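Geometric and topological summary
So you can see what is in the structure, the chains are spelled out below.
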Amino acid sequence: MSEETRSDEELIRIQRIEDIKNKGIDPFGQKFVASHNTVEAAELLKQLEAQGETALAEQKSISLSGRLMAKRGMGKAVFANIQDISGNLQVYFKQADLLEQFEIFEKLYVGDIIGIEGKMFRTQKQEPTLRVEKLTVLCCAIKPLPEKYHGMTDKELRYRRRPVDLIMNQEVRETFIRRSKMISSIRRTLDSQNFFEVETPVLHAIAGGAAARPFITHHNALDMPFYLRIATELHLKRLLVGGMEKVYEIGRIFRNEGVSYKHNPEFTTIEIYQAYADYQDMMTLTETIFENAALACLGTTQVPYKDQILEFKGPWKRIRYMDAIAEKTGLSLCELKDSSKVVAKIKDMKLNIDPSLPIGKLYDELFGELVEGECIQPTIVYDYPIENSPLAKQIPNSPDLTYRFEAIVFGMEVANAFTELNDPIDQKQRFEQQMLDRESGDDEAHQMDHDFVESLEYGMPPAGGLGIGIDRLAMLLSNNESIREVILFPHMRNK
(Lines give C-alpha, C1' and ligand atoms only; values in the text may rest on other atoms or scores of the structure.)
Protein backbone atom coordinates (compact mmCIF):
# COMPACT_ATOMS: atom_id res chain seq x y z
CA MET A 1 0.00 0.00 0.00
CA SER A 2 1.40 3.40 -0.95
CA GLU A 3 1.84 6.04 1.72
CA GLU A 4 -0.59 8.29 -0.20
CA THR A 5 -3.46 5.89 0.42
CA ARG A 6 -2.83 5.43 4.14
CA SER A 7 -4.97 7.13 6.74
CA ASP A 8 -3.50 9.73 9.08
CA GLU A 9 -3.71 7.25 11.95
CA GLU A 10 -1.79 4.62 10.00
CA LEU A 11 0.94 7.14 9.22
CA ILE A 12 1.18 8.06 12.92
CA ARG A 13 1.39 4.39 13.86
CA ILE A 14 4.20 3.83 11.35
CA GLN A 15 6.10 6.79 12.75
CA ARG A 16 5.81 5.53 16.33
CA ILE A 17 7.33 2.22 15.15
CA GLU A 18 10.42 4.18 14.20
CA ASP A 19 10.35 5.97 17.56
CA ILE A 20 10.26 2.63 19.38
CA LYS A 21 13.11 1.29 17.24
CA ASN A 22 15.17 4.38 18.10
CA LYS A 23 14.84 3.45 21.76
CA GLY A 24 16.46 0.09 21.05
CA ILE A 25 13.20 -1.90 21.27
CA ASP A 26 12.02 -4.36 18.62
CA PRO A 27 8.45 -3.25 17.72
CA PHE A 28 7.71 -6.73 16.35
CA GLY A 29 9.00 -8.68 19.31
CA GLN A 30 10.40 -12.11 20.02
CA LYS A 31 9.25 -15.26 21.79
CA PHE A 32 7.29 -14.63 24.99
CA VAL A 33 6.18 -17.31 27.46
CA ALA A 34 3.01 -16.49 29.40
CA SER A 35 2.49 -18.26 32.71
CA HIS A 36 -1.31 -17.80 32.61
CA ASN A 37 -4.11 -16.82 30.26
CA THR A 38 -6.65 -14.14 31.18
CA VAL A 39 -9.24 -16.58 32.55
CA GLU A 40 -6.62 -18.35 34.65
CA ALA A 41 -5.40 -15.00 35.99
CA ALA A 42 -8.90 -14.06 37.16
CA GLU A 43 -9.33 -17.50 38.75
CA LEU A 44 -5.97 -17.15 40.50
CA LEU A 45 -7.19 -13.94 42.13
CA LYS A 46 -10.25 -15.76 43.49
CA GLN A 47 -8.03 -18.45 44.98
CA LEU A 48 -5.71 -15.91 46.59
CA GLU A 49 -8.64 -13.98 48.04
CA ALA A 50 -10.03 -17.20 49.53
CA GLN A 51 -6.67 -17.77 51.24
CA GLY A 52 -6.65 -14.34 52.83
CA GLU A 53 -4.70 -11.06 52.88
CA THR A 54 -1.34 -12.74 53.47
CA ALA A 55 -1.64 -14.81 50.31
CA LEU A 56 -2.54 -11.70 48.30
CA ALA A 57 0.37 -9.77 49.72
CA GLU A 58 2.88 -12.55 49.10
CA GLN A 59 1.69 -13.58 45.63
CA LYS A 60 4.28 -14.08 42.90
CA SER A 61 4.19 -12.15 39.65
CA ILE A 62 2.51 -13.81 36.68
CA SER A 63 2.85 -13.12 32.95
CA LEU A 64 0.21 -12.70 30.23
CA SER A 65 0.32 -12.07 26.50
CA GLY A 66 -2.39 -10.74 24.22
CA ARG A 67 -3.83 -7.85 22.25
CA LEU A 68 -4.45 -4.43 23.76
CA MET A 69 -8.19 -3.84 23.28
CA ALA A 70 -8.83 -0.64 25.25
CA LYS A 71 -7.00 2.19 27.01
CA ARG A 72 -8.81 4.38 29.56
CA GLY A 73 -7.46 7.45 31.25
CA MET A 74 -4.39 9.62 30.80
CA GLY A 75 -1.49 10.83 32.85
CA LYS A 76 0.55 8.71 35.19
CA ALA A 77 -1.97 5.86 35.61
CA VAL A 78 -3.98 4.12 32.88
CA PHE A 79 -6.41 1.22 32.89
CA ALA A 80 -6.50 -0.97 29.79
CA ASN A 81 -7.78 -4.36 28.62
CA ILE A 82 -5.83 -7.24 27.16
CA GLN A 83 -7.44 -10.03 25.12
CA ASP A 84 -6.19 -13.56 24.45
CA ILE A 85 -7.82 -16.75 23.19
CA SER A 86 -9.45 -17.39 26.58
CA GLY A 87 -11.01 -13.98 27.17
CA ASN A 88 -10.38 -10.41 28.30
CA LEU A 89 -8.78 -8.98 31.44
CA GLN A 90 -8.40 -5.48 32.83
CA VAL A 91 -4.79 -4.36 33.39
CA TYR A 92 -3.37 -1.34 35.20
CA PHE A 93 -0.31 0.62 34.06
CA LYS A 94 1.26 3.11 36.50
CA GLN A 95 4.29 5.24 35.83
CA ALA A 96 5.70 4.58 39.31
CA ASP A 97 5.66 0.83 38.62
CA LEU A 98 7.00 0.87 35.06
CA LEU A 99 9.45 3.80 35.33
CA GLU A 100 11.08 4.36 31.91
CA GLN A 101 8.89 1.64 30.31
CA PHE A 102 5.84 3.84 30.88
CA GLU A 103 7.05 6.05 28.03
CA ILE A 104 6.95 3.00 25.74
CA PHE A 105 3.45 2.14 26.96
CA GLU A 106 2.28 5.64 26.04
CA LYS A 107 3.27 4.92 22.43
CA LEU A 108 1.10 1.80 22.25
CA TYR A 109 -2.26 1.77 20.49
CA VAL A 110 -5.34 -0.40 20.75
CA GLY A 111 -4.62 -3.41 18.56
CA ASP A 112 -0.97 -3.80 19.57
CA ILE A 113 0.17 -7.12 21.01
CA ILE A 114 2.09 -7.08 24.29
CA GLY A 115 3.50 -9.26 27.02
CA ILE A 116 3.09 -8.13 30.62
CA GLU A 117 4.14 -9.23 34.08
CA GLY A 118 2.61 -8.24 37.38
CA LYS A 119 0.34 -9.15 40.29
CA MET A 120 -3.41 -9.49 40.56
CA PHE A 121 -5.71 -7.24 42.60
CA ARG A 122 -9.37 -6.23 42.63
CA THR A 123 -10.44 -2.65 41.99
CA GLN A 124 -13.03 -0.71 43.97
CA LYS A 125 -15.52 -1.71 41.25
CA GLN A 126 -14.63 -5.35 41.99
CA GLU A 127 -12.92 -5.85 38.64
CA PRO A 128 -10.09 -8.44 38.60
CA THR A 129 -7.02 -6.57 37.37
CA LEU A 130 -3.33 -7.16 36.74
CA ARG A 131 -1.04 -4.42 38.06
CA VAL A 132 1.71 -4.33 35.45
CA GLU A 133 5.33 -4.32 36.64
CA LYS A 134 7.03 -5.11 33.32
CA LEU A 135 6.05 -4.53 29.68
CA THR A 136 7.28 -6.32 26.54
CA VAL A 137 6.32 -5.08 23.08
CA LEU A 138 5.45 -8.07 20.86
CA CYS A 139 3.84 -6.51 17.77
CA CYS A 140 2.91 -2.95 16.84
CA ALA A 141 -0.17 -2.88 14.61
CA ILE A 142 -0.23 -0.47 11.69
CA LYS A 143 -3.94 -0.69 10.89
CA PRO A 144 -6.45 0.36 13.58
CA LEU A 145 -9.18 -2.00 14.68
CA PRO A 146 -12.80 -1.17 13.79
CA GLU A 147 -14.80 0.81 16.29
CA LYS A 148 -16.00 -1.76 18.80
CA TYR A 149 -19.78 -1.47 18.42
CA HIS A 150 -20.25 -0.44 14.80
CA GLY A 151 -17.24 -1.45 12.77
CA MET A 152 -17.54 -5.20 12.28
CA THR A 153 -21.20 -6.11 11.83
CA ASP A 154 -21.44 -6.24 8.01
CA LYS A 155 -21.41 -9.95 7.13
CA GLU A 156 -19.63 -9.64 3.80
CA LEU A 157 -16.93 -7.48 5.36
CA ARG A 158 -16.59 -9.95 8.23
CA TYR A 159 -16.03 -12.88 5.84
CA ARG A 160 -13.54 -10.92 3.74
CA ARG A 161 -11.60 -9.80 6.81
CA ARG A 162 -11.88 -12.88 8.97
CA PRO A 163 -8.76 -12.09 11.07
CA VAL A 164 -10.33 -8.81 12.17
CA ASP A 165 -13.67 -10.56 12.67
CA LEU A 166 -11.98 -13.02 15.04
CA ILE A 167 -10.34 -10.19 16.97
CA MET A 168 -13.52 -8.18 17.40
CA ASN A 169 -16.17 -10.86 17.88
CA GLN A 170 -15.77 -13.29 20.75
CA GLU A 171 -18.71 -15.41 19.56
CA VAL A 172 -16.95 -15.94 16.22
CA ARG A 173 -13.82 -17.18 17.99
CA GLU A 174 -16.00 -19.46 20.10
CA THR A 175 -17.62 -20.91 16.96
CA PHE A 176 -14.29 -22.05 15.57
CA ILE A 177 -13.02 -23.27 18.91
CA ARG A 178 -16.21 -25.32 19.14
CA ARG A 179 -15.71 -26.64 15.60
CA SER A 180 -12.21 -27.79 16.54
CA LYS A 181 -13.52 -29.56 19.65
CA MET A 182 -16.21 -31.22 17.54
CA ILE A 183 -13.69 -32.64 15.05
CA SER A 184 -11.44 -33.85 17.86
CA SER A 185 -14.45 -35.58 19.44
CA ILE A 186 -15.29 -37.35 16.17
CA ARG A 187 -11.73 -38.61 15.89
CA ARG A 188 -11.78 -39.84 19.49
CA THR A 189 -15.06 -41.68 18.93
CA LEU A 190 -13.76 -43.48 15.85
CA ASP A 191 -10.26 -44.11 17.17
CA SER A 192 -11.78 -45.70 20.29
CA GLN A 193 -13.58 -48.14 17.97
CA ASN A 194 -10.33 -49.05 16.16
CA PHE A 195 -10.96 -47.12 12.95
CA PHE A 196 -7.90 -45.96 11.00
CA GLU A 197 -7.69 -42.40 9.68
CA VAL A 198 -6.40 -42.34 6.10
CA GLU A 199 -5.80 -39.86 3.28
CA THR A 200 -6.91 -40.34 -0.32
CA PRO A 201 -6.33 -38.24 -3.47
CA VAL A 202 -7.92 -34.83 -3.96
CA LEU A 203 -7.33 -34.97 -7.73
CA HIS A 204 -9.45 -37.64 -9.43
CA ALA A 205 -9.35 -38.87 -13.00
CA ILE A 206 -13.11 -39.52 -12.72
CA ALA A 207 -15.54 -37.44 -10.64
CA GLY A 208 -17.04 -40.28 -8.63
CA GLY A 209 -18.71 -41.17 -5.36
CA ALA A 210 -21.62 -38.73 -5.63
CA ALA A 211 -23.99 -37.03 -8.06
CA ALA A 212 -22.50 -33.55 -8.39
CA ARG A 213 -20.93 -31.13 -10.87
CA PRO A 214 -17.13 -31.09 -10.40
CA PHE A 215 -14.41 -28.49 -10.67
CA ILE A 216 -12.06 -29.35 -13.56
CA THR A 217 -8.31 -28.75 -13.66
CA HIS A 218 -5.37 -29.97 -15.77
CA HIS A 219 -2.36 -32.06 -14.79
CA ASN A 220 0.50 -30.65 -16.87
CA ALA A 221 3.00 -33.49 -16.39
CA LEU A 222 0.46 -36.18 -17.32
CA ASP A 223 -1.33 -33.92 -19.82
CA MET A 224 -4.68 -35.08 -18.48
CA PRO A 225 -7.83 -33.40 -17.20
CA PHE A 226 -8.48 -34.01 -13.51
CA TYR A 227 -11.39 -33.28 -11.21
CA LEU A 228 -11.27 -31.95 -7.67
CA ARG A 229 -12.92 -34.69 -5.68
CA ILE A 230 -16.67 -34.58 -5.12
CA ALA A 231 -16.45 -37.43 -2.57
CA THR A 232 -13.88 -39.70 -0.94
CA GLU A 233 -16.09 -42.79 -1.20
CA LEU A 234 -14.64 -44.82 -4.03
CA HIS A 235 -11.04 -44.65 -2.84
CA LEU A 236 -12.02 -45.55 0.72
CA LYS A 237 -13.97 -48.57 -0.51
CA ARG A 238 -10.88 -49.68 -2.44
CA LEU A 239 -9.19 -49.84 0.97
CA LEU A 240 -11.90 -52.24 2.19
CA VAL A 241 -11.00 -54.45 -0.78
CA GLY A 242 -7.40 -54.24 0.37
CA GLY A 243 -8.23 -55.51 3.86
CA MET A 244 -8.34 -52.23 5.83
CA GLU A 245 -11.58 -53.10 7.55
CA LYS A 246 -12.41 -49.84 9.40
CA VAL A 247 -11.31 -46.55 7.81
CA TYR A 248 -12.29 -42.90 7.79
CA GLU A 249 -11.16 -39.66 6.21
CA ILE A 250 -11.89 -36.06 7.15
CA GLY A 251 -11.27 -33.86 4.15
CA ARG A 252 -12.24 -31.08 1.81
CA ILE A 253 -14.78 -31.80 -0.93
CA PHE A 254 -15.36 -29.60 -3.99
CA ARG A 255 -18.62 -29.30 -5.91
CA ASN A 256 -19.08 -26.68 -8.61
CA GLU A 257 -22.57 -25.71 -7.54
CA GLY A 258 -24.54 -22.83 -6.10
CA VAL A 259 -24.07 -21.06 -2.79
CA SER A 260 -26.76 -20.87 -0.12
CA TYR A 261 -27.02 -20.68 3.65
CA LYS A 262 -26.39 -24.44 3.83
CA HIS A 263 -24.30 -25.01 0.67
CA ASN A 264 -20.72 -24.00 -0.05
CA PRO A 265 -18.79 -25.26 -3.11
CA GLU A 266 -15.82 -26.13 -0.90
CA PHE A 267 -16.80 -27.97 2.25
CA THR A 268 -15.62 -30.62 4.72
CA THR A 269 -16.95 -34.12 5.20
CA ILE A 270 -16.01 -37.26 7.05
CA GLU A 271 -16.59 -40.57 5.31
CA ILE A 272 -16.45 -43.78 7.35
CA TYR A 273 -16.43 -47.39 6.12
CA GLN A 274 -16.69 -50.55 8.20
CA ALA A 275 -16.35 -54.05 6.77
CA TYR A 276 -18.91 -56.67 7.80
CA ALA A 277 -21.37 -53.98 8.94
CA ASP A 278 -24.56 -52.56 7.45
CA TYR A 279 -26.60 -49.36 7.48
CA GLN A 280 -28.17 -50.27 10.83
CA ASP A 281 -24.67 -50.17 12.36
CA MET A 282 -24.12 -46.82 10.67
CA MET A 283 -27.34 -45.47 12.25
CA THR A 284 -26.00 -46.33 15.69
CA LEU A 285 -22.58 -44.87 14.84
CA THR A 286 -24.19 -41.63 13.61
CA GLU A 287 -26.09 -41.21 16.86
CA THR A 288 -22.93 -41.91 18.88
CA ILE A 289 -20.82 -39.41 16.92
CA PHE A 290 -23.41 -36.64 17.23
CA GLU A 291 -24.03 -37.32 20.92
CA ASN A 292 -20.32 -37.29 21.78
CA ALA A 293 -19.70 -34.16 19.71
CA ALA A 294 -22.47 -32.31 21.53
CA LEU A 295 -21.07 -33.38 24.90
CA ALA A 296 -17.57 -32.25 23.88
CA CYS A 297 -18.77 -28.83 22.69
CA LEU A 298 -21.63 -28.06 25.08
CA GLY A 299 -21.42 -30.53 27.95
CA THR A 300 -24.94 -31.75 27.12
CA THR A 301 -26.79 -33.58 24.35
CA GLN A 302 -29.48 -30.88 24.34
CA VAL A 303 -28.42 -28.44 21.64
CA PRO A 304 -30.01 -24.98 21.33
CA TYR A 305 -30.61 -24.06 17.69
CA LYS A 306 -32.68 -21.07 16.63
CA ASP A 307 -35.90 -21.37 18.66
CA GLN A 308 -35.59 -25.11 19.35
CA ILE A 309 -33.75 -27.44 21.70
CA LEU A 310 -32.46 -30.39 19.67
CA GLU A 311 -31.92 -33.68 21.49
CA PHE A 312 -28.90 -35.46 20.03
CA LYS A 313 -29.01 -38.44 22.35
CA GLY A 314 -30.09 -41.60 20.55
CA PRO A 315 -32.09 -43.42 19.51
CA TRP A 316 -33.41 -40.89 16.99
CA LYS A 317 -36.79 -40.89 15.26
CA ARG A 318 -36.89 -43.12 12.15
CA ILE A 319 -39.14 -42.81 9.08
CA ARG A 320 -39.12 -44.62 5.73
CA TYR A 321 -38.45 -42.35 2.74
CA MET A 322 -41.24 -43.54 0.44
CA ASP A 323 -43.74 -43.83 3.28
CA ALA A 324 -43.13 -40.17 4.15
CA ILE A 325 -43.73 -39.07 0.53
CA ALA A 326 -46.84 -41.25 0.28
CA GLU A 327 -48.26 -39.73 3.44
CA LYS A 328 -47.74 -36.15 2.21
CA THR A 329 -49.02 -36.72 -1.34
CA GLY A 330 -51.84 -39.15 -0.61
CA LEU A 331 -50.45 -41.52 -3.25
CA SER A 332 -50.04 -45.21 -2.44
CA LEU A 333 -46.61 -46.82 -2.62
CA CYS A 334 -47.77 -48.57 -5.78
CA GLU A 335 -48.93 -45.29 -7.35
CA LEU A 336 -45.58 -43.66 -6.53
CA LYS A 337 -43.91 -46.13 -8.91
CA ASP A 338 -45.97 -44.71 -11.79
CA SER A 339 -44.30 -41.50 -13.01
CA SER A 340 -47.48 -40.29 -14.71
CA LYS A 341 -49.39 -40.44 -11.41
CA VAL A 342 -46.54 -38.67 -9.63
CA VAL A 343 -46.50 -35.89 -12.24
CA ALA A 344 -50.29 -35.54 -12.06
CA LYS A 345 -50.09 -35.19 -8.27
CA ILE A 346 -47.36 -32.54 -8.55
CA LYS A 347 -49.57 -30.51 -10.88
CA ASP A 348 -52.61 -31.06 -8.69
CA MET A 349 -50.71 -29.83 -5.61
CA LYS A 350 -49.33 -26.87 -7.64
CA LEU A 351 -45.77 -27.66 -6.56
CA ASN A 352 -42.87 -25.83 -8.17
CA ILE A 353 -41.27 -29.01 -9.52
CA ASP A 354 -40.19 -29.66 -13.12
CA PRO A 355 -42.45 -32.54 -14.28
CA SER A 356 -39.90 -33.60 -16.93
CA LEU A 357 -37.38 -34.75 -14.32
CA PRO A 358 -36.57 -38.49 -14.03
CA ILE A 359 -38.62 -40.32 -11.42
CA GLY A 360 -35.77 -40.41 -8.89
CA LYS A 361 -35.32 -36.65 -9.12
CA LEU A 362 -39.08 -36.18 -8.70
CA TYR A 363 -38.90 -38.16 -5.46
CA ASP A 364 -36.06 -35.95 -4.26
CA GLU A 365 -38.00 -32.79 -5.09
CA LEU A 366 -41.16 -34.06 -3.39
CA PHE A 367 -39.25 -35.05 -0.28
CA GLY A 368 -37.53 -31.67 -0.16
CA GLU A 369 -40.78 -29.77 -0.64
CA LEU A 370 -43.04 -31.76 1.66
CA VAL A 371 -41.04 -33.71 4.25
CA GLU A 372 -37.52 -32.45 4.87
CA GLY A 373 -38.49 -29.13 6.44
CA GLU A 374 -40.63 -30.89 9.05
CA CYS A 375 -37.72 -33.01 10.31
CA ILE A 376 -36.70 -30.66 13.13
CA GLN A 377 -35.49 -33.10 15.78
CA PRO A 378 -32.73 -35.51 14.61
CA THR A 379 -34.43 -37.96 12.25
CA ILE A 380 -33.17 -40.95 10.29
CA VAL A 381 -34.92 -41.34 6.93
CA TYR A 382 -34.22 -44.77 5.44
CA ASP A 383 -34.77 -47.14 2.48
CA TYR A 384 -34.24 -44.84 -0.52
CA PRO A 385 -35.25 -45.72 -4.10
CA ILE A 386 -32.55 -47.30 -6.26
CA GLU A 387 -32.75 -44.44 -8.80
CA ASN A 388 -31.19 -42.10 -6.20
CA SER A 389 -28.68 -44.54 -4.76
CA PRO A 390 -26.25 -45.91 -7.38
CA LEU A 391 -23.76 -47.08 -4.73
CA ALA A 392 -26.12 -48.66 -2.17
CA LYS A 393 -27.12 -52.33 -1.88
CA GLN A 394 -30.63 -53.34 -2.98
CA ILE A 395 -33.13 -54.66 -0.45
CA PRO A 396 -33.69 -58.31 -1.54
CA ASN A 397 -37.48 -58.37 -1.11
CA SER A 398 -37.87 -54.78 -2.42
CA PRO A 399 -35.43 -54.52 -5.35
CA ASP A 400 -36.57 -51.00 -6.20
CA LEU A 401 -35.29 -49.82 -2.80
CA THR A 402 -31.84 -49.71 -1.25
CA TYR A 403 -30.31 -49.98 2.21
CA ARG A 404 -29.64 -46.27 2.52
CA PHE A 405 -30.48 -43.59 5.07
CA GLU A 406 -30.02 -39.89 5.55
CA ALA A 407 -29.91 -38.12 8.91
CA ILE A 408 -31.83 -34.84 8.90
CA VAL A 409 -31.77 -32.18 11.61
CA PHE A 410 -33.74 -28.93 11.42
CA GLY A 411 -34.52 -29.59 7.76
CA MET A 412 -30.86 -30.14 6.81
CA GLU A 413 -29.29 -33.35 5.61
CA VAL A 414 -26.29 -33.88 7.89
CA ALA A 415 -25.40 -37.51 7.15
CA ASN A 416 -25.83 -40.05 4.38
CA ALA A 417 -25.17 -43.78 4.73
CA PHE A 418 -25.52 -47.09 2.91
CA THR A 419 -25.16 -50.76 3.21
CA GLU A 420 -22.54 -50.67 0.50
CA LEU A 421 -22.96 -52.32 -2.87
CA ASN A 422 -20.20 -54.92 -3.29
CA ASP A 423 -21.52 -56.77 -6.35
CA PRO A 424 -19.31 -55.63 -9.27
CA ILE A 425 -21.79 -56.78 -11.92
CA ASP A 426 -24.65 -54.85 -10.32
CA GLN A 427 -22.35 -51.85 -9.79
CA LYS A 428 -21.35 -51.77 -13.46
CA GLN A 429 -24.99 -51.93 -14.56
CA ARG A 430 -25.87 -49.00 -12.31
CA PHE A 431 -22.99 -46.95 -13.67
CA GLU A 432 -24.23 -47.74 -17.18
CA GLN A 433 -27.71 -46.51 -16.24
CA GLN A 434 -26.15 -43.34 -14.81
CA MET A 435 -24.30 -42.84 -18.11
CA LEU A 436 -27.63 -43.03 -19.94
CA ASP A 437 -28.94 -40.35 -17.57
CA ARG A 438 -25.91 -38.19 -18.48
CA GLU A 439 -26.68 -38.61 -22.15
CA SER A 440 -30.24 -37.46 -21.38
CA GLY A 441 -28.89 -34.21 -19.96
CA ASP A 442 -28.24 -34.97 -16.28
CA ASP A 443 -24.69 -33.61 -15.93
CA GLU A 444 -24.64 -34.63 -12.24
CA ALA A 445 -25.17 -38.33 -12.98
CA HIS A 446 -22.32 -40.63 -11.99
CA GLN A 447 -19.60 -41.35 -14.54
CA MET A 448 -18.47 -44.87 -15.42
CA ASP A 449 -15.52 -45.90 -13.23
CA HIS A 450 -14.04 -49.08 -14.70
CA ASP A 451 -11.13 -49.06 -12.25
CA PHE A 452 -13.49 -49.09 -9.27
CA VAL A 453 -15.56 -51.90 -10.76
CA GLU A 454 -12.35 -53.87 -11.33
CA SER A 455 -11.39 -53.30 -7.69
CA LEU A 456 -14.74 -54.75 -6.59
CA GLU A 457 -14.03 -57.83 -8.70
CA TYR A 458 -11.21 -58.72 -6.30
CA GLY A 459 -13.86 -58.93 -3.59
CA MET A 460 -15.07 -56.28 -1.14
CA PRO A 461 -16.60 -57.56 2.09
CA PRO A 462 -20.17 -56.54 2.97
CA ALA A 463 -19.84 -53.13 4.59
CA GLY A 464 -21.56 -50.09 6.00
CA GLY A 465 -20.56 -46.60 4.87
CA LEU A 466 -21.36 -43.21 6.38
CA GLY A 467 -20.73 -39.61 5.34
CA ILE A 468 -21.28 -36.64 7.69
CA GLY A 469 -21.25 -32.97 6.74
CA ILE A 470 -18.75 -31.41 9.15
CA ASP A 471 -19.80 -27.84 8.36
CA ARG A 472 -23.49 -28.50 8.91
CA LEU A 473 -22.83 -30.26 12.20
CA ALA A 474 -20.72 -27.24 13.20
CA MET A 475 -23.66 -24.97 12.31
CA LEU A 476 -25.93 -26.91 14.64
CA LEU A 477 -23.47 -27.07 17.54
CA SER A 478 -22.63 -23.35 17.32
CA ASN A 479 -26.21 -22.16 16.66
CA ASN A 480 -25.34 -20.58 13.33
CA GLU A 481 -27.83 -20.37 10.47
CA SER A 482 -25.27 -19.90 7.66
CA ILE A 483 -22.54 -22.29 6.57
CA ARG A 484 -20.27 -19.30 5.97
CA GLU A 485 -20.24 -18.64 9.69
CA VAL A 486 -18.48 -21.95 10.32
CA ILE A 487 -15.99 -21.83 7.43
CA LEU A 488 -12.99 -19.71 8.32
CA PHE A 489 -12.36 -18.36 4.83
CA PRO A 490 -15.44 -18.75 2.60
CA HIS A 491 -14.99 -17.85 -1.05
CA MET A 492 -16.30 -14.42 -1.98
CA ARG A 493 -17.11 -12.82 -5.33
CA ASN A 494 -14.50 -10.30 -6.44
CA LYS A 495 -15.40 -6.74 -5.56
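**Examining the overall build of the protein chain**
Each helix and strand counted, the protein chain has 17 helices and 19 strands in total. Counting only C-alpha atoms and orienting by the principal axes, one finds that the protein chain spans roughly 85 × 55 × 50 Å. By residue count, 48% of the 495 residues in the protein chain fall in the buried class. Within the protein chain, contacts between residues separated by at least 24 positions form 65% of all contacts whose residues are at least 6 apart in sequence. A total accessible area of about 24600 Å² is found for the protein chain, and carbon and sulfur atoms account for 50% of it.

**Thoughts on the sheet that holds strand 8 (residues 216-219)**
One open sheet holds the three strands; their spatial order is 7-9-8, and the pairing between them is antiparallel. In this open sheet, the two edge strands, each paired with only one partner strand, are strand 7 (203-204) and strand 8. Of the strand pairs in this sheet, strand 7 and strand 9 (residues 224-228) are connected by two bridges, and their pairing is antiparallel. Bridged to His204 within strand 9 is Tyr227.

**Section: the pattern of salt bridges**
Taken as a whole and judged by the stated rule, the model has 32 salt bridges. Its salt-bridge partner being Lys237, residue Glu233 comes within 3.0 Å of it at the nearest N-O pair. Residue Glu233 and its partner Lys237 are located together in helix 9 (residues 233-241), separated by four residues, close to a single helical turn. Taking relative accessible area as the criterion, Lys237 reaches 0% and is therefore assigned buried. With a closest N to O distance of 3.1 Å, Asp426 and Arg430 form a salt bridge. Taken together, the residues Asp426 and Arg430, both in helix 15 (residues 424-439) and four residues apart, mark about one turn of the helix.

**What to know about the side chain of Ser478**
As for its position among the elements, Ser478 is in helix 17 (residues 470-478). A distance of 2.9 Å separates the side chain of Ser478 from the side chain of Asn480, its partner in a polar contact. If sequence neighbours within four positions are ignored, Ser478 has contacts with Thr175, Arg178 and Val486.

**Structural notes on the packing of helix 9 against helix 16 (residues 450-457)**
As a packed pair, helix 9 and helix 16 sit with axes 9 Å apart at the nearest point and diverge in direction by 20°. When the axis of helix 9 is compared with that of helix 16, the two are roughly parallel. Of the two possible hands of crossing, helix 9 and helix 16 adopt the one that is left-handed. Between helix 9, through Leu234, Lys237, Arg238 and Val241, and helix 16, the contact on the second element is made entirely by Asp451, Phe452 and Ser455. Taken together, the residues of the contact of helix 9 with helix 16 sort by class into three nonpolar, one polar and three charged.

**Side note on the packing of helix 8 (residues 170-192) against helix 10 (residues 279-298)**
The packing of two helices is summarised by the inter-axis angle and the distance between the axes. Packing of helix 8 against helix 10 leaves a shortest axis separation of 8 Å and a crossing angle of 135°. By the angle between their axes, helix 8 is oblique relative to helix 10. Along this stretch, helix 8 crosses helix 10, giving a crossing that reads as right-handed. Contact residues: Arg178, Lys181, Met182, Ser185, Ile186, Arg188, Thr189 and Leu190 in helix 8; Leu285, Thr288, Ile289, Asn292, Ala293, Ala296, Cys297 and Leu298 in helix 10. Of the residues in the contact of helix 8 with helix 10, the class split is nine nonpolar, four polar and three charged.

**A look at helix 17**
Among the nine residues in helix 17, nine count as buried, and that is most of the element. Taken together, the buried positions of helix 17 are occupied by Ile470, Asp471, Arg472, Leu473, Ala474, Met475, Leu476, Leu477 and Ser478. Asn479 sits one or two positions beyond helix 17 and adopts a positive phi of about 60°.

**A short note on a negative patch on the surface**
A surface patch of negative charge is lined by Asp354, Asp364, Glu365 and Glu369. With respect to the helices and strands, the residue Asp354 is situated in the loop between helix 13 (339-348) and helix 14 (359-370). In this structure Asp354 comes out as partly exposed when scored by relative accessible area, which is 40%.

**Remarks on the sheet that holds strand 4 (residues 113-122)**
Strands sit in the order 1-2-3-5-4 around a closed barrel of five strands; the barrel is mixed. Taken pair by pair, the neighbouring strands of this sheet meet at an average axis angle of 55°, ignoring direction. Note: strand 2 (residues 77-83) against strand 3 (residues 88-94), seven bridges, orientation antiparallel. Following the sheet pairing, Ala77 is matched in strand 3 by Lys94. Packed on one face of the sheet, helix 2 (residues 38-51) meets strand 1 (62-72), strand 2, strand 3, strand 4 and strand 5 (128-139) and runs near 20° to strand 4.

**Description of the packing of aromatic side chains**
One pass over the full model with this rule turns up 12 aromatic pairs. For the ring pair Phe102 and Phe105, a centre distance of 5.8 Å and an interplane angle of 45° mean the geometry is tilted. Note that Phe102 and Phe105 are positioned in helix 5 (residues 101-106) at a spacing of three residues, about one turn of the helix. Taken as a pair, Phe102 and Phe105 share a single burial class, namely buried. Ring geometry for Phe290 versus Trp316: centroids 5.2 Å apart, planes at 85°, classification edge-to-face. In this pair, Phe290 is assigned in helix 10 and Trp316 in the loop between strand 13 (308-311) and strand 14 (317-320), connecting sequence segments 26 residues apart. Residue classification places Phe290 among the buried positions, given a relative accessible area of 0%. Accessibility expressed as a relative area gives 6% for Trp316, which makes it buried. What links up through ring pairs into an aromatic cluster is the set Phe79, Tyr92 and Phe121.

Quick notes on the rules
- Residues numbered from 1 in each chain as written.
- Predicted model: local features only at pLDDT ≥ 70, side-chain atom pairs only at ≥ 80, totals over all residues.
- Heavy atoms only, no water.
- Helix = DSSP H or I, 4+ residues; strand = E, 2+ residues; numbered from the N terminus.
- Buried < 20%, exposed > 50% of the residue type's maximum accessible area, 1.4 Å probe, protein only.
- Contact = heavy atoms within 4.5 Å.
- Areas by Shrake-Rupley, 256 points an atom, 1.4 Å probe, with all protein chains shown as cover.
- Pairing = 2+ DSSP bridges.
- Salt bridge = Lys/Arg side-chain N within 4 Å of Asp/Glu carboxyl O.
- Polar contact = N/O pair within 3.5 Å; in protein donor to acceptor, adjacent residues only side chain to side chain.
- Axes fitted to C-alpha atoms, helices over the stretch in contact; angles between N-to-C directions.
- Parallel < 35°, antiparallel > 145°, perpendicular 65-115°, else oblique.
- Left-handed = near helix turned anticlockwise from the far one by under 90°.
- Nonpolar A, V, L, I, M, F, W, Y, C, P; charged D, E, K, R; others polar.
- Patch = residues over 30% accessible without salt bridge, like charges linked within 9 Å, V, L, I, M, F, W, Y side chains within 5 Å.
- Lys, Arg positive; Asp, Glu negative; His and termini not counted.
- Charge placed at Lys NZ, Arg CZ, Asp CG, Glu CD.
- Phe/Tyr/Trp six-rings, centres within 6.5 Å; stacked < 30°, edge-to-face > 60°.

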